[in-house]
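Listed here are the chains, written in short residue letters.
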Amino acid sequence: MSQSRDAVVIGGGLNGLVAAIYLAKAGRKVLLLEAEETLGGSCRATTALAGVRASVRSSLLIALDPRLAKDLALQGLKFALRDIPTIALQQDGSSLTLARDVNGTQRALAARSPGDADTYRRLRAEIFTLARAMRPFWCDGASTSPPDTLLSRLRRTDAASLLAGFESDTLKAALAFDSVAPFETGSALALVWRAAQEMCGLQGALALPQGGLPALMEMLAATAQAAGVEVRTRARVAKIIADNVVAGAALESGEEIYCRAVLCSLSRRKTLLDLAPKGSSGFSETQKLARTSAQNGEGSILFLLNAPADFGSANARYILADRLEAFADTAIREHRFPDELQIEAFVPTIADPTLAPPGQHLLSVRVQGLPLMPADGWPALSVKLVERVTAALERHTAHLRARIVGLDVQVPREEEPFSGARLASSYRARIATPVEGLFLCGVAAEPVNAVSGRAGRLAAGIAQAWLAREKRG
Amino acid sequence: MWDNRAERVTVRYDAAIIGAGANGLAAAATLGRAGLKVIVLDRATVCGGRAITREFDPGFRASPFADELAPVPAEIFRDLDLARHGAILVPMPSSLALWPDRRHEVLHWSASAAFSRLRTVVRSREKEIRARALADAAHAIERRWFASAPEPTLWPSEDWSDLSLISFAGDWHLGEDARAHILAAALTGRVADPFATGSALHLLAGHGGGMPIGGLATFGGALEAAARAAGAEISLGLEVADIHLRGGRAIGLHLADGREIDALAVISTLDLRRTFFSLFAWKDIPKVAEQRVSRYRNAAGRARLLLALDRPPALDPDFAQGQIHIAPGAAALAKAHDAWRCNVVPDEPPLTLRLVSASDPRLAPVGKAVLTATLGCIPHTVFDGAWTNEKRTALRDRTLARIEMALPGVSASVLGSELIVPPDIEEQLGITDGDLDGGEIAPDQMFALRGFEDHPGGRTPIGGLYLGGVSPAFGTCAAGVAAARAIMADLT
Amino acid sequence: MTMLVRATPFHSRVAAANRLNAWVNRNDHTLAAHYGDVNAEAIAPHATAAMADISWRWRVTIEGAGSEEFLTRLLTRNPAKLSPGQAFKALWLSDRGAVRGAGAIARFGRESFQIVATQSDFDWIARGAALFDVRVREIEEGGLAIVGPYAAKIFEAAGFGDPLEALKFRKLFWRGLDITLSRFGEHAGFEVWCKPDDALILWGRLLKAGEPFAMKLAGLHAMDLLDLVAGVPRPERDYEAARDGFATAPTPFELKLESLIDDDHLLFNGRAASLSAPRTRTRVGIELDGDKPAPHAPLLHNGQRAGRTMGSLYSPALQRAIALATVDLSSAKPGTRLTLPDGTAAKVVDLPFLPVPDPIAE
C-alpha cells in the first residue's frame, strides 16, 4: 500500500527531473517514475561505445532555460562552446557561413548576391525584434502574446514563403533547416522562436555544454536527490488513475500509486489517449489527438572516429541542405525513406575532448524528416540510414568511412508534432489538460521540440499553484 | 327577516356589478386589475350566468343554453389570462347541412376556399366593431356645457344594416346548397327573416367562439378565477332589489336582504328592459330611460333540446364533431319566422344539432353520447297560452322525429332529455323573454343605437350607471369590459 | 445540395388524411404540417387527445460491453442509475460545455441502451463510441405519439395492459405486432414504436382506440406549438445545438436545462467547462401583446438590451403569440415587462405557458 504523495512525475528525462526538482523545492512530496533502468531519457550517455560519455542525441543546445542554472544552482554547468556558427555545405563543395554576427554574414552573402544580403539584414532585424517582444510569452510563461501585426502575419506564414524573397537556394534551405517543417503554416514563427532564446547571455545562439547532455543530466539527478525527490526506475506507468480529477498512477506491474497531481513528460497524445482514462480528455479533443499524430521524426547517429572529421577550418555546426523542396518530400507521407536527407553534423570533441576516449573523436549527426513508421521498419532501415548519411558526409569530409570505429543509432521516436498553433499557444494551454490535476511537463509543453527544461519548470509552477488551491484531505 | 334591520351595514366600493355572468365577471376582473374595489352580485348560487354546464340526466352533462359563446376578443382573452385560468376553447371543425333526401353538404372551414374567405370577412368586421366599442368606452366624456352633440361616426359594418342575409349570401360565388348552409349557420338558435334588410347583421351576432372543454362552465370558471385573482369580491345568492339614486345619480345598490352597498359606479349586465324595469321603482325611472325602454324590442327565439343517448349516432368521423344543420333553406327560414311573429310554434323551426360528446368525451359516460339540438324561431309566449307540458312534449317529439330522419336510430337510443324553451331561459337566467341576445338584432338597435344614443361605451343618461349586458357583435365579455373601461375613464 | 428525403412508414395514411396537402420536412422525413385546422390540432392536446407521427425522431441503439462506460462519459447523468425498462432525460455536451444534444436515454439491458432525441448527432456519438468499442446503430421504425388528458384512457382502450409510468418503457407483443411502448414525452402521453411493415396496422388500431375520446390527428405544426407551450426548448427552432467539438455555446444554463445535469455525476464530457461557464442568462417564457410571432428578436428592458427571443409561434389556446427567450438574470423574473424593438409589449411569464392537463381518470 503506497502512501499518498503530492505529485508523481512520469518520465526521468530532462523535463521530468526539472519538474520534480522545482516541486520538491516548493515543499511537495514528489515521486519520479522512470520506465528504463537509468534516468536521462534521450540525454543519456550512449552505452554502445566504450569510453564515450556523450549522448547519441546531439548535444547542441539552442534553448536551454537559463533559469535552470540560476534556480537550481547547477554549479557545474559550463559551456564548452558558445555561439557556434552554422555552415551550410553544398553539393558542389562550396559552403555558406551563417553566424550570429549579422555584419559578417551580410558580407559573406553580399559576395554572392547583394540582394540577398540586404534581404537578410532586414529579415533578421524583423525577426530579432519580434523575438524580443515574444520573450515573456515563450520564455517566462506569460499567458498572452503581445498584440503585434507582424506576429499575426507570421503565425499564418510558413517559413518557405517567408524565405522566398531570397535568390540563393542554398540560403533558403539553410535558413529553413531550423524551422523544422518549412512548409507548415506558422513555421515562420519557429525562426522567431529560435531568435527569442537566450543562453549564456546571447540571443539566438547555439551552444555546447561541457560534458555534453549526460553531464547536465547527472547534475540534475544529483540536485533531485538533494532536493528530496523520490526516484524509482524500472517503473513504467500503464495508466493514470482519475475520475473527474487525478488520483494517481498505475504501473505495468499492477501497483497503484496515489497522489494528487500527475506531471507527465510524454507526448500529449500518449498521455491523453493511452494513459489517461478513455474519453477523459473530451471526445473532440480525443479525436483531434488521434488525428494529429506525427508522421516524421528525428534520427541521430553518433560516430566514434579515430580522427576528427574535418569539414573545413571552423568548429561549426554543419548542415547539408541544398534545396528547400527537399523538405517537402512526399516520401514521408508514404512512409518511405526520403531521397534527399536533411543532415546536421557536428564534432563536439574538438571543443570538449572529454566526451570520447583520448585520441578518439565523435561525430554527432542529426537527421530531420525521417518517417516514423517506414514500411520496412526501423531496425532494418537504420543500416540504410547510416549508409546514406555516411555517403552524404563523405562528400565534404575525406576518409570518413575509414575513420569510423564505432557508431550508435537512435531511430526516430514519436514526439509532439510541429504546428503553428502550438507555437502560438501559451505554456499554460500546453501544460494543462482536460483532466484536472494532470499536467504535461515534457517537450509536448514546449512551443517547439527542443532540449530546454522550461516546460518542466513552468509545469511545476502550475502544478504547485493548483495543489495549493485544491486542499484536499 | 325584514324586521331585522338593526344593522344597516353599508360597505363602500368603487364599482358594484349586477350579474356574475361573463360580462359581469370580465368587468370585475378589468376593474380589479386597475386597482378598484369591486363587488359582483348575482341571485344565482353559481357564477357564470349562461356559461354553465348542467347534468341534465344522471351521468350526462351539457351546457343548457348554448354549446359555444360568441368569440371573446383576443385582447380581452389575453388580458384576463383566461387560458391559464382553464378556458381551453376548441374551434368548430366542420359544419354539415343535411336535407331530408339525404343530400348533404359539408364544409370544413379550412378546406373550402370560399367559406374561408367569408369567415375571414366576418371575423375582421367583428374585430373592428369590438375595437370601436372598447375605444368608445375608454374615451372619457367631456362635460359639454354649450357645444352641440358631436357628429356620430359610422360604426364598422353599419352598412350591413341595409343588407339582407339572402343578398349577402348571393354576393358570394356559391351554389344554392352552400348559400342555404350559410343562412343556417348564421341563424342557429335565432329569429330572423333572411329576406329582411338588416338580417345580415346576424352574421355578426357571434358565432364560433369555440367550445370550452368541460362545457361552458369551464369558461365561466375561468372568468371567475380571473375576477378573484384581480381582487374582486363575488357575492352569490344575493338579489339586488334596486339601484340607489340620489340627485339623479346612481350611488349604490339596495339588496333584497336590506343591506346597502355604496358604489361610485354601478354596472348592470341585465338586459336594457330588465335593468330599468326591475331595478328601479316605477316612479324613479328617468323619463329618457322610460322612452328608450319602451322602444326596445326583445326577440326570444331559442329553444334547446338536450338528449342523453345510449350510444352515439352513426356519423362520419369527418363531421361528427361539428354542427349539423337540418334542412336549411331560405324559404323554410322565412316560413318559420312568419310563424314566430304570430306566436305560433313553427312546424319546422331551424334545427341545428351538435354531438357535443364527440368533441368533449367528458360530457357523457364512456360509450354513450350527448346530442344537443338548438331550435330557432320558438316564441316566448305561444298564441294560445303558456308553455304547458303538453306543448313541450309535442315540440320535443316533433324535433326528435326530425332528428330521426337525419340520423336514423337516435330516438331508440334516447335515455333522457331536457327541453328548454324561452320562458325557462327567462326564469333561469333573469333575461327578458328569454332573449339570449339581450334585444332584437335589428338596425335600429345595433351599434350606437343599442343602448342610449349620445352615451357611448355602455354609459347611460344616469350618471354612475353603466350597461354591460350582452351586446351582439361585441363578442363575449366585451360589453362588460367596455363598461369597465368607461368607468375607469370617467372616474379619473 | 439536395438530400434524400424519406416518407415515414405511415405515409400513405397520413397522405389520405392530409386533405390540404400541407407537407413539411424534418430530419429528412416528410410529414404532414397539419391535417386540417391548425388551431384545432393545437388545442386538441389540451382538450382531449391528439395523435402525431413521430417517426422523424432520431433513435440510436448503443450496445456492447463498454456501453455503460461510454454513456457515463457522454451523458450529463449517470446511466448506472438506470435499470432495464427505465429511462431518464439528459444532455450531452461538447468538450467545452456547450449543449450538443438532449434526449431520453433508455436502458434495455445491461449492455444495451437507446437514445431518442429530436435532432441527430450521429457523428459525435459514433465517434465517442469508437473509443469504447461500442456499436451504435440508427433505428428506423414507425412511431406514433398520443398526448392529451385522454391519453391514458386511449392507452387502456388499445389494450396495452398495465399503465406505464413516466420515463418507463416496455416491449410488447401486442395483437400480433412487436411494439415498444414508452412514456418519454413532456406532454402526459405515450409513444408507440413499431416495425415499418406494421405501421399501417398500428395507425388504424390507434385511431380506432382514440375515436371515442375525440382524438385528433395532429401535424408537425401543432406538435411544435405544443412543445413551445410546454416551455420545452428544441434545437433548430429555439437554439443552434453546438456542432463544433470545441464550441462553448449554448450553455445548459442559458437554456435552463441544468436540471438535466446531475451534480454528483463527475465524468461527463465537458463538465469542467460547463461548471466554470459564466451564468448570466436563463430561459424564460415570453407572452407577446398581439398575434404576430417574433422569433429570434432582441428584447429590451427599459430600453437596454436584455436578451433575445428564441422560437416564437402564435398559440390559439392562449390567443396570443408566445416565445421562449434567453434573458439576463436581472430581467428574468416573471412579470417583468420587456419590449421588442418595434415597441410590441412582451411579458416574462412562468413556464409552462399552460399546465399539462391532468389525465382524466374516471
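A quick note: this is a predicted structure, and the numbers were derived from the prediction, not measured.

K.L.:
How would you explain the domain arrangement of chain A if you had to name every residue and give the values?
P.N.:
Residues and elements named next belong to chain A. Here chain A is partitioned into domain 1 (5-43 + 60-74 + 209-292 + 417-469), domain 2 (101-203) and domain 3 (296-410). Just the C-alpha atoms count here: the centres of domain 1 and domain 2 sit 30 Å apart. The partner domain 2 presents 21 residues to the 17 residues of domain 1 that form the contact. Where the side of domain 1 that touches domain 2 is concerned, the elements lending two or more residues are helix H14 (420-424), helix H15 (427-431) and helix H16 (454-469). Tallied by class, residues from the side of domain 1 that touches domain 2 come to 12 nonpolar, three polar and two charged.

K.L.:
Provide a residue-level description of the interface of chain A and chain C, including the pertinent values.
P.N.:
Residue-level contacts link 12 residues of chain A with 16 residues of chain C. Considering only residue class, the side of chain A that touches chain C consists of two nonpolar, six polar and four charged.

K.L.:
Help me get a handle on the packing of helix H1 (residues 22-33) of chain B against helix H6 (residues 216-229) of chain B, residues and values and all.
P.N.:
All names here are of chain B. H6 packs onto H1 with a crossing angle of 25° between their chain directions and a minimal axis gap of 8 Å. Taken together, the axes of H1 and H6 are roughly parallel relative to one another. Two packed elements cross with a definite hand, and for H1 against H6 that hand is left-handed. Of the residues in H6, those in contact with Ala22, Leu25, Ala26, Ala28, Ala29 and Gly32 of H1 are Gly220, Leu223, Glu224, Ala226 and Ala227. Residue composition of the contact of H1 with H6, grouped by class: eight nonpolar, two polar and one charged.

K.L.:
Can you lay out the interface of chain C and chain B for me, pointing to particular residues and giving the numbers?
P.N.:
Listed per partner, the contact involves 22 residues of chain C and 23 residues of chain B. Of the residues forming the side of chain C that touches chain B, the biggest block, five residues, is contributed by helix H2 (residues 38-47) of chain C. Of the residues contributing to the side of chain C that touches chain B, the split by class is 12 nonpolar, five polar and five charged.

K.L.:
I'd love a proper account of the pairing of strand E12 (residues 256-264) of chain A, names of residues and values included.
P.N.:
Residue and element names in this part refer to chain A. With seven of its nine residues buried, E12 lies for the most part within the structure. The sheet contact formed by strand E1 (residues 5-10) and E12 spans five bridges and is parallel. Bridging across to E12, Ala7 finds its partner in Ala261. Judged from the three bridges that link them, strand E11 (residues 246-251) and E12 form a sheet pairing that is antiparallel. Each residue of the ladder has a partner; that of Gly248, found in E12, is Tyr258. Counted between consecutive antiparallel strands, the loop separating E11 from E12 contains four residues, among which Gly254 sits at a positive phi close to 105°. The pairing of E12 with strand E18 (residues 438-440) spans three bridges and is classified as parallel.

K.L.:
Please set out the arrangement of the chains residue by residue, giving values where relevant.
P.N.:
Between chains B and C lies the most contact-rich interface of the two pairs of chains that touch. Contact between chain A and chain B is absent, and the least distance between their C-alpha atoms amounts to 44 Å.

K.L.:
For the confidence of the model for chain C, give the residues involved together with the corresponding values.
P.N.:
With 99% of its residues at a pLDDT of 70 or more, chain C shows a mean pLDDT of 94. Quick note on the complex model: pTM equals 0.83, ipTM equals 0.84.

K.L.:
Tell me about the sheet that holds strand E3 (residues 29-32) of chain C, and please be specific about residues and values.
P.N.:
Residues and elements named next belong to chain C. Read from one edge of the open sheet, three strands run E1-E3-E2, paired in mixed fashion. At either end of the open sheet lies a strand with only one pairing partner, and these are strand E1 (6-7) and strand E2 (23-26). Bridge analysis of E1 against E3 gives two bridges, and the strand direction is parallel. Bridge pairing in E3 places Arg6 opposite His29.

K.L.:
Describe the domain arrangement of chain C, listing the residues and the values that go with them.
P.N.:
Residues and elements named next belong to chain C. Parsing chain C into structural domains produces domain 1 (6-50 + 141-217), domain 2 (56-138 + 238-277) and domain 3 (280-349). Here the C-alpha centre of domain 2 lies 26 Å away from the C-alpha centre of domain 1. Contacts between domain 1 and domain 2 engage 12 residues on the former and 11 residues on the latter. Listed by contribution, the elements that provide at least two residues to the side of domain 1 that touches domain 2 are E3 and strand E11 (169-174). Looking at side-chain class alone, the side of domain 1 that touches domain 2 contains four nonpolar, five polar and three charged residues.

K.L.:
Now, about the environment of B:Leu415: what can you tell me, with residues and values included?
P.N.:
All names here are of chain B. Position of Leu415 relative to the elements: it lies in strand E17 (residues 414-420). Leu415 gets classed as partly exposed once you count the C-beta atoms within 10 Å, which come to 16. Note: C-alpha distance between Leu415 and Asp310 (105 residues apart in sequence) is 6.1 Å. Apart from residues lying up to four places away in sequence, Leu415 is in contact with Asp57, Ala308, Leu309 and Asp310.

K.L.:
An account of the sheet that holds strand E17 (residues 404-410) of chain A is needed here, citing residue identities and associated values.
P.N.:
Residues and elements named next belong to chain A. The strand order across the open sheet formed by seven strands is E5-E4-E14-E15-E16-E13-E17, and the pairing between neighbours is mixed. Looking at the sheet topology across the chains shown, the edges are occupied by strand E5 (95-98) and E17. Averaged over all pairs of adjacent strands, the angle between strand axes in this sheet comes to 20°, irrespective of strand direction. Most of the contacts of helix H7 (residues 169-177) go to E5, to which it runs at about 45°, and overall it touches strand E4 (86-89), E5, strand E14 (317-320) and strand E15 (342-346).

Analysis parameters
What you see as residue numbers is a count from 1 along each chain, following the sequence as written. Key to labels: chains lettered from A, ligands numbered from 1, both in the order written. For this predicted model, a pLDDT threshold of at least 70 governs which residues receive local features, and a threshold of 80 or more governs which side-chain atom pairs are given and counted, while totals over whole chains, interfaces and linings are taken from all residues. Note that the domain bounds were set by an automatic or database domain assignment. Once C-beta atoms are placed from the backbone, any two residues with those atoms within 7 Å are in contact. Strands here are runs of E lasting at least two residues and helices are runs of H or I lasting at least four, both read from the DSSP assignment and numbered beginning at the N terminus. Polarity classes work like this: nonpolar for Ala, Val, Leu, Ile, Met, Phe, Trp, Tyr, Cys and Pro, charged for Asp, Glu, Lys and Arg, and polar for all others, with Gly in that last group. Every angle, taken between N-to-C directions, lies between 0 and 180 degrees, and every axis is a line fitted to C-alpha atoms, over only the stretch in contact when it is a helix. Small angles under 35 degrees read as roughly parallel and large ones over 145 as roughly antiparallel, with 65 to 115 read as roughly perpendicular and the rest as oblique. For any helix crossing, the convention is left-handed if the near helix is rotated counterclockwise from the far helix by under a right angle, and right-handed if that rotation is clockwise. Any residue with 12 or fewer other C-beta atoms within 10 Å of its own C-beta is exposed, any with 20 or more is buried, and the rest are partly exposed; the C-beta atoms used are placed from the backbone. Whether two strands pair comes down to DSSP finding at least two bridges between them. pLDDT runs from 0 to 100 and stands for how confident the predictor is about each residue.

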